[in-house]
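Coordinate inspection notes
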Amino acid sequence: VNRELEVTSISRTIPEQKIEGVQYAAMSIGDISTHESLVQSADIIVGALAPRGELENQLLAIYTNIATLAAKYGKRFIVIGGFSALRPAEGAPRFAEGDDIPPQYAAEARVMYHVLTYLEIDAPEDLDWLYVSPAATYGAHSPGEATGEYRVGGQVALFDREGVSAISGSDFALAVVDEVVKKEYSNEQIAIAY
């Protein structure tokens, strides 16, 4: 909103603290019949769903349907993924392909890995997509501080000189909005970290 974008937030419930200038809609994104009108009314769709609860088994189908519609109507589709979809080194298997993911994150990591695999291999050819992975230390449990800075990488996880992979929620959001505005990357995975 601060960047003069028209923003519509779609979630199951409307938040108690609303941001002025944001339009809110409460609905279940699992209802695929609502997707076509949502996609048609947007220029860019940013999917930031977590594959938890009922979405664990539905998210791939939801994102597949949105991707198909985004290609049909010429809309850009940005998926906020997870760190585990990144690689530890060039050409190495993705973290989600190994057995080292903590059990509490394993199911989510594998669902988001399958979303990325779908985008890379099976998405419609004319879909303009981007998969954005945050650093390892990121999320509500580690909000961090806004610095106004970040680095962008590719499929390989980014670490600082001390071996830390981190990004604050504010700076990750800044990176995503910068990409919405500038559109520097397309049909690829990018990593965001300090």
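Our structure's up above, just so we're on the same page.
The model shown is predicted, which means the values in this text are computed figures rather than measured ones. (Residues numbered from 1 in each chain as written. Predicted model: local features only at pLDDT ≥ 70, side-chain atom pairs only at ≥ 80, totals over all residues. Heavy atoms only, no water.)

So, the packing of aromatic side chains
Aromatic rings considered in pairs are described by the distance between their centres and by the relative angle of their planes. Evaluation of the coordinates by the stated rule reveals four aromatic pairs. A centroid spacing of 6.4 Å and a plane angle of 90 degrees characterise the contact between F83 and F159, whose relative ring orientation is edge-to-face. Taken together, the residues F83 in the loop between β4 (76-80) and α3 (103-122) and F159 in the loop between β6 (151-153) and α4 (169-182) connect sequence positions 76 residues apart. Relative accessible area serves as the criterion here: at 37%, F159 is assigned to the partly exposed category. Among the aromatic residues, those joined into a cluster by ring pairs are F83, F95 and F159. (Phe/Tyr/Trp six-rings, centres within 6.5 Å; stacked < 30°, edge-to-face > 60°. Helix = DSSP H or I, 4+ residues; strand = E, 2+ residues; numbered from the N terminus. Buried < 20%, exposed > 50% of the residue type's maximum accessible area, 1.4 Å probe, protein only.)

Describing the nonpolar core
Formed by 27 residues in total, the largest nonpolar core has its most connected members in Y63, F77, V79, L119, L127 and Y131. When near neighbours in sequence (up to four residues on either side) are disregarded, L119 contacts V79, L127, W129 and Y131. Listed in part, the 18 residues of the second largest apolar core include L86, L130, V132 and I167. (Core = buried A, V, L, I, M, F, W, Y, C linked by side-chain atoms within 4.5 Å. Contact = heavy atoms within 4.5 Å.)

A word on the sheet that holds β4
The strand order across the open sheet built from five strands is β3-β4-β5-β7-β6, with neighbouring strands paired in mixed fashion. Here the strands that pair on one side only, and so sit at the sheet edges, are β3 (44-47) and β6. Neighbour to neighbour, the strand axes of the sheet diverge by 25 degrees on average, direction disregarded. Sheet topology places strand β5 (residues 128-134) next to strand β7 (residues 188-193); five bridges connect them, and they run parallel. Across the sheet, residue V132 finds its bridge partner in β7, namely I190. Each of β3 and β4 is contacted by helix α2 (residues 55-73), which is oriented at about 155 degrees to β4, the strand it contacts most. (Pairing = 2+ DSSP bridges. Axes fitted to C-alpha atoms, helices over the stretch in contact; angles between N-to-C directions.)

Section: the packing of α2 against α3
For the pair α2 and α3, the least separation of the axes is 10 Å and the interaxial angle reads 20 degrees. As judged from the angle between their axes, α2 and α3 are roughly parallel. Pair α2 / α3 crosses with right-handed handedness. Seen from α2, the contacting residues are E56, L59, L60, Y63, T64, A67 and T68; seen from α3, they are A107, V111, M112, H114, V115 and Y118. Classifying every residue of the contact of α2 with α3 gives nine nonpolar, three polar and one charged. (Parallel < 35°, antiparallel > 145°, perpendicular 65-115°, else oblique. Left-handed = near helix turned anticlockwise from the far one by under 90°. Nonpolar A, V, L, I, M, F, W, Y, C, P; charged D, E, K, R; others polar.)

Things to note about the environment of T64
For T64, the position within the fold is in helix α2. Sequence separation between T64 and L116 is 52 residues; the distance between their C-alpha atoms is 11 Å.

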